[in-house]
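Single-letter residue listing:
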Amino acid sequence: GYLKLALIIIFFIVLAVIFFEFIAVPKTPATVEQVRSIITAQGYEPKDITEQYYKSDPGFKSTLNKCISFDKDDIHFEFFDFNNDNSAVNVYSQVYSQVSYKYNHPDSIEIKNQIANYTIYTLDSLGKYNVAIYIGNTAVYACCNSENKNEIDKILDTIDYLKP
């Protein structure tokens, strides 16, 4: 009776999860060149900071292909290209932990979408806007004052990193 019913329900739940994973469309990671041209087109000057990461942590030499970034006024933006997905997830996880701990507040606007090969996390809290994203083997960390979040969102939208 109940056991058979429970097993049937579990079977359909497992089937639904497998089906959802199957239809969840993975995103295509952007290339460093795409991101560089979009940043430049929006009036910012991207710099290659790969060597700085190699110096700060030699472990990056075996995983980080390239990291480009820009700073303008309060806006900070970094795009990472790794040779594997795990390194991108690790950078995302570190940023997520720091940001969610530092800016956790009851009035914050927090959005997290985790689907297929990516997670998009944004937090608008205490006057600061923070973004942590990984898609495949790439990761993004960006932050600014809340009133300038459109500047970061424009870049992320253009490379299709903002909406699930």
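Before any of the text, the structure's been laid out above.
## Let's talk about the overall build of the protein chain
Of the regular secondary structure elements, the protein chain holds five helices and seven strands. C-alpha atoms of the protein chain, sized along the principal axes, occupy 65 × 40 × 30 Å. For the protein chain, buried positions account for 41% of its 164 residues. Intrachain contacts of the protein chain at a sequence separation of at least 6 include 50% that bridge at least 24 residues. When the accessible surface of the protein chain is totalled, it reaches about 9700 Å², and 58% of it is carbon and sulfur. Of note, the protein chain has its 14 positive side-chain charges centred 2 Å away from the centre of its 20 negative side-chain charges.

## Quick notes on the environment of Thr40
Residue placement: Thr40 occurs in helix H2 (residues 32-41). For Thr40, a relative accessible area of 44% corresponds to the partly exposed category. Each C-alpha atom of the pair Thr40 and Asn84 lies 26 Å from the other, and the pair is 44 residues apart in sequence.

## Considering the side chain of Thr138
With respect to the element layout, Thr138 can be found in strand E7 (residues 138-145). Looking at Thr138, its side chain comes within polar contact range of the side chain of Tyr161, at 2.6 Å. Aside from chain neighbours lying at most four places away, what touches Thr138 is Pro29, Ala30, Phe79, Phe80, Asp81, Ala88, Ile133 and Tyr161.

What counts, and where the lines are drawn
- Residues numbered from 1 in each chain as written.
- Predicted model: local features only at pLDDT ≥ 70, side-chain atom pairs only at ≥ 80, totals over all residues.
- Heavy atoms only, no water.
- Helix = DSSP H or I, 4+ residues; strand = E, 2+ residues; numbered from the N terminus.
- Buried < 20%, exposed > 50% of the residue type's maximum accessible area, 1.4 Å probe, protein only.
- Contact = heavy atoms within 4.5 Å.
- Areas by Shrake-Rupley, 256 points an atom, 1.4 Å probe, with all protein chains shown as cover.
- Lys, Arg positive; Asp, Glu negative; His and termini not counted.
- Charge placed at Lys NZ, Arg CZ, Asp CG, Glu CD.
- Polar contact = N/O pair within 3.5 Å; in protein donor to acceptor, adjacent residues only side chain to side chain.

Interpretation note: all reported values are geometric properties and have no functional meaning in isolation.
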